[in-house]
Amino acid sequence: MLIPVLLFCVGLVFLIKGGDWFVDGATGIARKFHLPELLIGATVVSIGTTLPEVMVSATSAMSGHGEIAYGNAIGSIICNTSLIAAITAAVRPGKVDPKSMRLPVIFFFGTALFYCAVAYTTGSFSRPMGLALLLIFAVYMVMTVRQMKNSPAPAAAEEGEPEEENSTTQNIILLVVGAVLIAVGANLLVDNGTLIAQAMGVPESVIALTFVALGTSLPELVTAITSLMKGHGSLSLGNVIGANLFNLVLVCGVSQTLSPFHIPENATIAGMNASLVVEIPVMLGVMALLTLPALAKGKLGRWQGVSLLCIYAAFCCFQFFVLPGLA
């Protein structure tokens, strides 16, 4: 038991320090190239924090368990939005740039409609769909790079003592090393947290819904908390929106391309797959609640954060106490 506890602590340290360096590198690059933090968060940071989901899904698909990617992607989007982004909105609500936010939001809902159309009509995901999702990912990245080039430089900071800045090379090193530490730390935390929970007699269903599901979203959570502490709320919001999009187009795209699969059916509600009745609608609902008011008003409200946290609590209660009785 001692070794898992020690490795769990090492994973926690890796996550915290990796998140610190990752945010420093990302914001440093944003300043160097005069790019909006929200755009950096929706691209570079999101790819880095989505690495655990990609690794888990790709490994599962290659092992013939592509269904895991479905729950991993949908669950991560719900967790990212109604827990991680909710914390950002509840603790430090503030202004957002609708212009920087519009592209990833449009791509997310456009991809989600395509994803849902396939899910509700066929109940399975094929290799051509996986390739289509990866194509959407490539198009999004190209359009985002173009948007970055056309984005106006942010307003100059108020005069005062000059802030010491790292070089571009140093920022890239911080970004890469931070991403590696986050990915390794998340794996150490999930694997050893599961061993500790098993040793304590925690049921496997609880382990799956806590350590495994939440574990792959730990990088986003660490990045969000670190960004808030450093005063970069836009980076955190952009990271969540970008990570949610990448869960659909990159995580699902990779897993479906490697191993096509059917939507798992663990329970039914009114004769329908419970996942199609609960999980997908909740995914779309929480993203709409987070993004649409922000796009319309140009700011996040504390009421959004509180509402999303309540939805997440209700969703977890459903998974723990109601769903097992429907199986």
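**Q** It is not clear to me how the overall build of the chain should be interpreted in this structure. Could you clarify?
**A** The number of helices and strands found in the chain is 12 helices and 4 strands. Taking the contacts inside the chain whose residues are at least 6 apart along the sequence as the reference set, 85% of them involve residues at least 24 apart. Within the structure as shown, the chain displays about 14900 Å² of accessible surface, and the carbon and sulfur contribution to it stands at 69%.

**Q** Honestly, helix H5 (residues 98-122) in this entry has me stumped. Any pointers?
**A** Given 3.6 residues per helical turn, the α-helix brings residues three or four places apart onto the same face. Here H5 contains 25 residues, and its C-alpha end-to-end distance of 35 Å stays within 8% of the 36 Å for a straight helix at 1.5 Å per residue. Phi turns positive, to about 75°, at Gly123, one or two residues after H5.

**Q** So what exactly am I meant to see when it comes to the environment of Tyr140 here?
**A** Assignment of secondary structure puts Tyr140 in helix H6 (residues 127-150). Along the chain, Tyr140 and Phe107 lie 33 residues apart, while their C-alpha atoms are 7.3 Å from each other.

**Q** What is the right way to read a nonpolar patch on the surface from this model?
**A** Taken together, Ile172, Val176, Val180 and Val184 make up a surface patch of nonpolar side chains, about 310 Å² in accessible area. Relative to the assigned elements, Val184 resides in helix H7 (residues 168-199).

**Q** Sorry if this is basic, but what is going on with the confidence of the model for the chain here?
**A** Of the residues in the chain, 78% have a pLDDT of 70 or more, and the chain-wide mean is 79. For residues 155-162, every residue scores under 50 in pLDDT, and the model assigns this stretch 0 contacts once sequence neighbours within four places are set aside.

**Q** Sorry, what's going on with unusual backbone geometry here?
**A** Glycine aside, residues mostly have negative phi angles, and peptide bonds mostly take the trans form. We note that Ala270 has phi near 55°; this positive angle belongs to a residue other than glycine. Mapped onto the elements of the fold, Ala270 is located in the loop between strand E3 (268-269) and strand E4 (272-273). Of the residues examined, Ala270 reaches a relative accessible area of 81% and is grouped as exposed.

**Q** Looking at this structure, how should I read the nonpolar core?
**A** Judged by nonpolar contacts, the single largest core of 41 residues is most densely connected at Tyr70, Phe108, Tyr115 and Phe125. Among the secondary structure elements, those contributing two or more residues to this core are helix H4 (67-91), H5, H6, helix H10 (233-258), helix H11 (274-297) and helix H12 (302-326). Ranked by residue count, the leading element in this core is H5, at 8 residues. One finds Val105, Val286, Ala294 and Leu300 within the second-largest nonpolar core, a separate group that totals 18 residues.

**Q** Explanation requested: the side chain of Thr257 in the structure shown.
**A** Relative to the helices and strands, Thr257 resides in helix H10. Engagement of the side chain of Thr257 in a polar contact is seen with the backbone oxygen of Gly253, the distance being 2.7 Å. Beyond its immediate stretch of four places on either side in the chain, Thr257 contacts Arg127, Gly130, Leu131 and Leu134.

**Q** What am I meant to see in the packing of H5 against H11 here?
**A** For any two helices packed against each other, the geometry comes down to the angle between their axes and how far apart the axes lie. Between H5 and H11, the shortest axis-to-axis distance is 11 Å and the interhelical angle comes to 165°. With respect to H11, the element H5 is oriented roughly antiparallel. Handedness of the crossing formed by H5 with H11: left-handed. Across the interface between the two elements, Pro98, Met101, Arg102, Val105, Phe108, Phe109, Ala112, Cys116, Ala119 and Tyr120 of H5 pack against Leu276, Ile280, Pro281, Met283, Leu284, Met287, Ala288, Thr291, Ala294 and Leu295 of H11. Class assignment for the residues of the contact of H5 with H11 results in 18 nonpolar, 1 polar and 1 charged.

**Q** How do you make sense of the environment of Arg127 when you look at a structure like this?
**A** Summarising the element assignment, Arg127 is placed in helix H6. Along the chain, Arg127 and Gly253 lie 126 residues apart, while their C-alpha atoms are 8.5 Å from each other. Ignoring any residue separated from it by four or fewer positions in sequence, one finds Arg127 in contact with Gln256, Thr257, Leu258, Ser259 and Pro260. Of the polar contacts made by the side chain of Arg127, one reaches the backbone oxygen of Thr257; its length is 2.7 Å.

**Q** Honestly, the packing of H11 against H12 in this entry has me stumped. Any pointers?
**A** Axis separation between H11 and H12 bottoms out at 10 Å; the angle between their running directions is 170°. Between H11 and H12, the interaxial angle falls into the category roughly antiparallel. Packed against H11, whose contacting residues are Ala274, Val278, Glu279, Val282, Val286, Leu289, Leu290, Pro293 and Ala294, the element H12 presents Trp303, Gln304, Ser307, Leu308, Ile311, Phe315, Phe318, Gln319 and Leu323 at the interface.

**Q** Can you help me understand the side chain of Asn273 in this one?
**A** Here Asn273 lies in strand E4. You can call Asn273 buried: its relative accessible area is 10%. Polar contacts involving the side chain of Asn273 include one to the main-chain amide nitrogen of Ser275, which spans 3.0 Å. Setting aside its immediate chain neighbours within four residues, Asn273 contacts Ile263, Pro264, Glu265 and Ala267.

So, how was this worked out
Residues numbered from 1 in each chain as written. Predicted model: local features only at pLDDT ≥ 70, side-chain atom pairs only at ≥ 80, totals over all residues. Heavy atoms only, no water. Helix = DSSP H or I, 4+ residues; strand = E, 2+ residues; numbered from the N terminus. Contact = heavy atoms within 4.5 Å. Areas by Shrake-Rupley, 256 points an atom, 1.4 Å probe, with all protein chains shown as cover. Expected span 1.5 Å × (residues − 1). Patch = residues over 30% accessible without salt bridge, like charges linked within 9 Å, V, L, I, M, F, W, Y side chains within 5 Å. Salt bridge = Lys/Arg side-chain N within 4 Å of Asp/Glu carboxyl O. pLDDT = per-residue confidence, 0-100. Buried < 20%, exposed > 50% of the residue type's maximum accessible area, 1.4 Å probe, protein only. Core = buried A, V, L, I, M, F, W, Y, C linked by side-chain atoms within 4.5 Å. Polar contact = N/O pair within 3.5 Å; in protein donor to acceptor, adjacent residues only side chain to side chain. Axes fitted to C-alpha atoms, helices over the stretch in contact; angles between N-to-C directions. Parallel < 35°, antiparallel > 145°, perpendicular 65-115°, else oblique. Left-handed = near helix turned anticlockwise from the far one by under 90°. Nonpolar A, V, L, I, M, F, W, Y, C, P; charged D, E, K, R; others polar.

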